[in-house]
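Structural description and commentary
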Amino acid sequence: MNWLLTALVCGLALLIAPARAFPVQGSQTVLPVGSELNEDALDRPREVFHTDALGGRKSYLVNLGDLAFNSPMLLGGLARQAQISCSTCHVQGASNPKFYIPGLSTRPGNFVTTGALFNGKANNRLLDPVTIPSLRGARFLAPYGHDGRMTSLRDFVRNVIVSEFAGPEPSAAIVDGLVAYIQDIDFLPNPNLGPGGRLTPQTSDAAKRGEALFAKPFPGQPSLSCAACHVPSGAFVDHLQHDVGSGGFFKTPTLLNANFNGPYFHDGRYDSYERVLEHFDRVFALGLSSSDHADLLAYLKAIGDGLQPYQPDAALLRLSEVMDFASVLSTAIPARDVEIINLVVETVGDELRELTEAFPPPKDTNVAGGQKERRNARTALKDLVLCLRSLGLAAAAGRFDEATDEYVNFRRLTTSTVPVALQNAEPWSLFDPAIHDAHYAALRQLYAVANDASR
């Protein structure tokens, strides 16, 4: 490991300069020591769009919202400095179970939204973290917030930007885009569920017994059952708030794709369905036998499942997202919308620079082989950044015909030479698990050494 550590020491100043969020191991960043944003993950949640499922193409508004969702420019102060965006917490529209900030989290996966770190004016001086929810199927899940305090998704989105993260007042177009994007994120398909949220014949006998138990009235409380709140025909929610013995009234969470939404309860107090069942058995005196417990567990796992929940991170996957973000320019340039053009240039430029760093430079001989391929990949990505920069300068100066030409060139590069260069270099990149793990292990060691030296 010493070879990589030595190489990384030379580049420490470059790593520190942009105050990137990972690795958050000490004074090199603007976040508290010990923070974890899970930005080094090799697998990412799979994002499914409703428009794609219907055979359509994502609209301008959806792509604009996706762009804004991934842009630190949307937020303010410390969040922007740390390069945090909405997608940091809601990775690919799902949750981030490893997200942890000391002082704001009591465990990975939860976070105080009213703390002083990101917006001192919102500080309620309470350590009352809530779990980071998945946004899959959000269009079915109003009201919003764990306490269901807002019926409008639009109002909720604006509140997160301005109140929780001290961002500037977003334009109506940006909020429209964010709402359109969030509403387009679909649940993962689940072959265990049929019409009305009923189990399909392929599910196990245990799950089917669990389905019957799920609908069975509670002993001594015939008006209550699991299914009365988690309504199978209604995305397993009732759109109401209930006190289930967890310290207040909180809205009913969906159970769709819930296998991937842990930790559970509004504050993430439980890591597993087993603990959740134990809680309800205790609080509502359900008198579950061990076989009842096993059957309900089988049912929850069946309805909480989803196809291909994760996918390996890859260079072409990243490039495809960049192309979706940049597609906003096809509308923004003719509309001479300099604000949106600047958002694309800055956000996509940052994404491309980050992607460039996934390909170690040719002089880094610690990665065996692929020097030419890595050089070509880095050059191709830098050409895209330069193209975007020229586009932005032209638009800022009112030369929109020139900006159009630069966008045509950008599109040409992203559909011809760049994908080939990235694919050829991927075996020697951080998308390779062995290279990835060695790189981040050494990076953590480097920061630990730097922290010790600064004490």
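Conventions and cut-offs
Residues numbered from 1 in each chain as written. Predicted model: local features only at pLDDT ≥ 70, side-chain atom pairs only at ≥ 80, totals over all residues. Heavy atoms only, no water. Helix = DSSP H or I, 4+ residues; strand = E, 2+ residues; numbered from the N terminus. Rg over C-alpha atoms; globule rule 2.2 N^0.38 Å. Buried < 20%, exposed > 50% of the residue type's maximum accessible area, 1.4 Å probe, protein only. Contact = heavy atoms within 4.5 Å. Areas by Shrake-Rupley, 256 points an atom, 1.4 Å probe, with all protein chains shown as cover. Lys, Arg positive; Asp, Glu negative; His and termini not counted. Charge placed at Lys NZ, Arg CZ, Asp CG, Glu CD. Phe/Tyr/Trp six-rings, centres within 6.5 Å; stacked < 30°, edge-to-face > 60°. Lys NZ or Arg CZ within 6 Å of the ring centre and 35° of its normal. Expected span 1.5 Å × (residues − 1). Salt bridge = Lys/Arg side-chain N within 4 Å of Asp/Glu carboxyl O. Axes fitted to C-alpha atoms, helices over the stretch in contact; angles between N-to-C directions. Parallel < 35°, antiparallel > 145°, perpendicular 65-115°, else oblique. Left-handed = near helix turned anticlockwise from the far one by under 90°. Nonpolar A, V, L, I, M, F, W, Y, C, P; charged D, E, K, R; others polar. Core = buried A, V, L, I, M, F, W, Y, C linked by side-chain atoms within 4.5 Å. pLDDT = per-residue confidence, 0-100. Polar contact = N/O pair within 3.5 Å; in protein donor to acceptor, adjacent residues only side chain to side chain.

Quick look at the overall build of the chain now. On a plain count of helices and strands, the chain comes out with 19 helices and six strands. A compact globule built from 455 residues would reach a C-alpha radius of gyration of about 23 Å, and the chain, at 24 Å, matches this within 12%. Across its three principal directions, the C-alpha atoms of the chain cover 70 × 55 × 50 Å. Expressed as a percentage of its 455 residues, the buried residues of the chain come to 51%. The contacts of the chain with a sequence gap of at least 6 include a subset with a gap of at least 24, amounting to 64%. Surface exposure of the chain reaches about 20500 Å², of which carbon and sulfur atoms provide 56%. The distance from the centre of the 39 positive side-chain charges to the centre of the 48 negative ones in the chain is 2 Å.

It is worth spelling out the packing of aromatic side chains at this point. What describes a pair of aromatic rings is the distance from one ring centre to the other and the angle between the planes of the rings. Scanning the entire structure with this criterion turns up 17 aromatic pairs. Members of the aromatic cluster, each reached through a chain of ring pairs, are Phe218, Phe265, Tyr270, Phe280 and Phe284. Here Lys58 stacks its cationic end above the ring of Phe49, 4.6 Å away from the centre of that ring.

A separate point is helix α15 (residues 338-356). Compared with the 27 Å implied by 1.5 Å per residue over 19 residues, the 26 Å span of α15 between its first and last C-alpha is a close match. All buried positions along α15 are accounted for by Ile340, Ile341, Leu343, Val344, Val345, Thr347, Val348, Gly349, Glu351, Leu352, Leu355 and Thr356.

Next up on the list: the pattern of salt bridges. Using the criterion set out here, one finds 17 salt bridges in the structure. For the salt bridge of Arg269 with Asp267, the shortest nitrogen-to-oxygen distance reads 2.8 Å. Note that Glu402 is salt-bridged to Arg399, the shortest N-O span being 2.8 Å. Since its relative accessible area comes to 33%, Glu402 is described here as partly exposed. Looking at Arg399, the relative accessible area reads 39%, which means it is partly exposed. Connected via shared salt-bridge partners are Arg44, Asp313, Arg318 and Glu321.

Let's shift gears to unusual backbone geometry. Here the amide bond leading from Ala142 into Pro143 is cis, since omega sits at 0°, within 30 degrees of zero. When you line up the elements, Pro143 lands in the loop between β3 (130-131) and α7 (153-164). Of note, the bond from Gly262 into Pro263 is cis; its omega dihedral lies within 30 degrees of zero at 0°. Examined against the element boundaries, Pro263 turns out to sit in the loop between β5 (250-251) and α11 (273-283). Even without being glycine, His239 reaches a positive phi, approximately 65°. Phi is positive for Arg336, which is not a glycine, with a value near 55°. Within the secondary structure, Arg336 is located in the loop between α14 (329-332) and α15.

In this section: the packing of helix α13 (residues 315-326) against helix α18 (residues 417-425). Each pair of packed helices gets described by two things: the angle between the helix axes and the distance between those axes. Relative to each other, α13 and α18 sit at 155°, their axes nearing to 9 Å. In terms of orientation, α13 and α18 fall into the roughly antiparallel class. For α13 against α18, the interelement crossing comes out right-handed. Together, Ala315, Leu316 and Leu319 of α13 and Val418, Pro419, Leu422 and Gln423 of α18 make up the contact between the two elements. Of the residues assigned to the contact of α13 with α18, the class counts are six nonpolar, one polar and no charged.

Before going further, it helps to examine the environment of Gly245. Structurally, Gly245 is set in the loop between β4 (241-242) and β5. Along the backbone, Gly245 and Lys372 are 127 residues apart, and their C-alpha atoms lie at a distance of 61 Å. Look past the residues within four positions of Gly245 in its chain and what remains in contact with it is Arg269, His279 and Val283.

Counting residues in hydrophobic clusters, the biggest one holds 89 residues, and the most contacted among them are Phe118, Ile341, Val348, Leu352, Phe359, Phe410 and Leu422. Considering every element that reaches this core, the biggest residue donor is helix α16 (residues 371-396), with ten residues. Discounting chain neighbours no more than four positions away, the residues touching Leu352 are Val322, Leu381, Leu384, Val385, Leu388 and Phe410. If you look at the next biggest cluster of nonpolar residues, it comprises 26 residues, including Leu193, Ala258, Tyr273 and Ile303.

Take helix α12 (residues 290-303) next. Over its 14 residues, α12 runs 20 Å from end to end, which matches the ideal 20 Å to within 8%, given 1.5 Å per residue. For α12, the full list of buried residues reads His293, Asp295, Leu296, Leu297, Tyr299, Leu300, Ala302 and Ile303. Close packing links the buried residues of α12 with α9 (205-215) and α11.

Here the focus is the packing of α9 against α12. Contact geometry of α9 with α12 gives a least axis separation of 7 Å together with a crossing angle of 100°. The angle between the axes of α9 and α12 places the two elements in the roughly perpendicular class. The segment α9 lies against α12, with Ala206, Ala207, Arg209, Gly210, Glu211, Leu213 and Phe214 engaging Asp292, Asp295, Leu296, Ala298, Tyr299, Leu300 and Ala302. A breakdown of the residues in the contact of α9 with α12 according to their chemical character gives nine nonpolar, one polar and four charged.

Our focus in this paragraph is the confidence of the model for the chain. The predicted model of the chain has a mean per-residue pLDDT of 92, with 92% of residues at 70 or higher. Across residues 1-21, where pLDDT falls below 50, the model places 38 contacts with residues more than four positions away in sequence or in other chains.

Let us look at the side chain of Arg374. Mapped onto the elements of the fold, Arg374 is located in helix α16. The side chain of Arg374 sits in the buried core without any salt bridge; Asp364 is the nearest counter-charge, 5.5 Å away. For Arg374, the side chain forms a polar contact with the main-chain oxygen of Val367, separated by 3.1 Å. At a separation of 2.9 Å, a polar atom in the side chain of Arg374 contacts the main-chain carbonyl oxygen of Gly369. Once residues lying within four places of it in the same chain are set aside, the contact partners of Arg374 are Pro360, Pro361, Pro362, Asp364, Val367, Gly369, Ala425 and Trp428.

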